[in-house]
Amino acid sequence: MSNIVFFDMDGTIVDLYGVENVFKRLDSGDATPYAEAKAIPNMVAELRRYKAEGKRVVIITALGRHPQDAAYDTAAMDEATIINKKKWLSDNGIVVDGFHAVPYGTDKYEVAVREYGAEGANGTIVDDDDRVLAKWFGPKVKAVPENKMIK
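Parameters at a glance
Residues numbered from 1 in each chain as written. Predicted model: local features only at pLDDT ≥ 70, side-chain atom pairs only at ≥ 80, totals over all residues. Heavy atoms only, no water. Helix = DSSP H or I, 4+ residues; strand = E, 2+ residues; numbered from the N terminus. Contact = heavy atoms within 4.5 Å. Areas by Shrake-Rupley, 256 points an atom, 1.4 Å probe, with all protein chains shown as cover. Lys, Arg positive; Asp, Glu negative; His and termini not counted. Charge placed at Lys NZ, Arg CZ, Asp CG, Glu CD. Phe/Tyr/Trp six-rings, centres within 6.5 Å; stacked < 30°, edge-to-face > 60°. Lys NZ or Arg CZ within 6 Å of the ring centre and 35° of its normal. Buried < 20%, exposed > 50% of the residue type's maximum accessible area, 1.4 Å probe, protein only. Pairing = 2+ DSSP bridges. Right-handed = clockwise from strand over helix to strand, strands pointing away. Core = buried A, V, L, I, M, F, W, Y, C linked by side-chain atoms within 4.5 Å. Salt bridge = Lys/Arg side-chain N within 4 Å of Asp/Glu carboxyl O.

### Observations regarding the overall build of the chain
Helix and strand counts for the chain come out as six helices and seven strands. Each helix (α) and strand (β) of the chain, taken in turn from the N terminus, gives the series β-β-α-α-β-α-β-α-β-α-β-α-β. Nonlocal contacts in the chain, meaning residues at least 24 apart in sequence, comprise 69% of its contacts between residues at least 6 apart. Accessible surface, the chain: about 8100 Å² in total, of which carbon and sulfur atoms supply 52%. The distance from the centre of the 20 positive side-chain charges to the centre of the 24 negative ones in the chain is 4 Å.

### Some thoughts on the packing of aromatic side chains
Within the structure shown, the criterion is met by six aromatic pairs. Aromatic rings pair up to connect Phe 6, Tyr 109, Tyr 116, Trp 136 and Phe 137 into one cluster. Here the guanidinium or amino end of Arg 49 rests over the ring plane of Tyr 50, the centre of that ring lying 4.6 Å away. Cation over ring: Arg 65 sits above Tyr 104, and NZ or CZ is 5.2 Å from the ring centre.

### Section: the pairing of strand β4 (residues 56–62)
In terms of burial, β4 is largely enclosed, as six of its seven residues are buried. Pairing between strand β1 (residues 4–7) and β4: four bridges, direction parallel. Looking across to β4, one finds that Phe 6 is bridged to Val 58. For the crossover that starts at β4, traverses helix α4 (residues 74–91) and ends in the parallel strand β5 (residues 98–102), the hand is right-handed.

### Focus: the nonpolar core
In terms of nonpolar packing, the biggest core is built from 27 residues, with Phe 7, Met 9, Ile 13, Trp 88 and Leu 89 touching the most fellow members. When residues of this core are traced back to their parent elements, those giving at least two are β1, α1 (22–27), α3 (41–52), β4 and α4. In terms of residues, this core owes the most to one element, α3, which gives four residues. Ile 60, Ala 112, Tyr 116 and Val 132 belong to the second-largest nonpolar core, a separate cluster that totals 14 residues.

### Observations regarding the pattern of salt bridges
Tallying each qualifying case throughout the model produces 13 salt bridges. Two residues, Lys 51 and Asp 97, come together in a salt bridge whose shortest N-O distance is 3.0 Å. Of this pair, Lys 51 sits in helix α3 while Asp 97 sits in the loop between α4 and β5, and the two are 46 residues apart along the sequence. Given the relative accessible area of 41%, Asp 97 is considered partly exposed.

### A few points about the pairing of β1
Judged by which residues are buried, β1 turns out to be covered on both faces: Ile 4 and Phe 6 on one side and Val 5 and Phe 7 on the other are all buried. Two strands pair when backbone bridges link them, and β1 and strand β6 (residues 124–127) are joined in this way by three bridges, in the parallel orientation. Directly across from Phe 7, in β6, lies its bridge partner Val 126.

Next up, the structure:
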């Protein structure tokens, strides 16, 4: 088993979708919701547990989806997204061993293999998106926020 765990951010450790008017704001070129969102406590605890076990924890997170008729500079939005996501990690005291912000729809498994070779290919993914999990060939963990868990 690999010693590396890849975490998604939005909807996995970050409650981005709980930010008021999040999609309207993102679609207008406002990247601040990425810094404002609250943590998803049980998933942040899971990330910290892996770190405590000595695993390398790496973020692979998507940049925003841009409307085709975006009335803003998409490159500047991507840059602001990266800055705000890194700020969120810092503000929440989360230390990771790698950070990769990739265009929306990028195959995260391919990123893991390209950046980490065989170790990445056998690494674990923690993600809330079933489409990402379906494309992953190593171990996978479905991220489920506490408030959505069946108890």
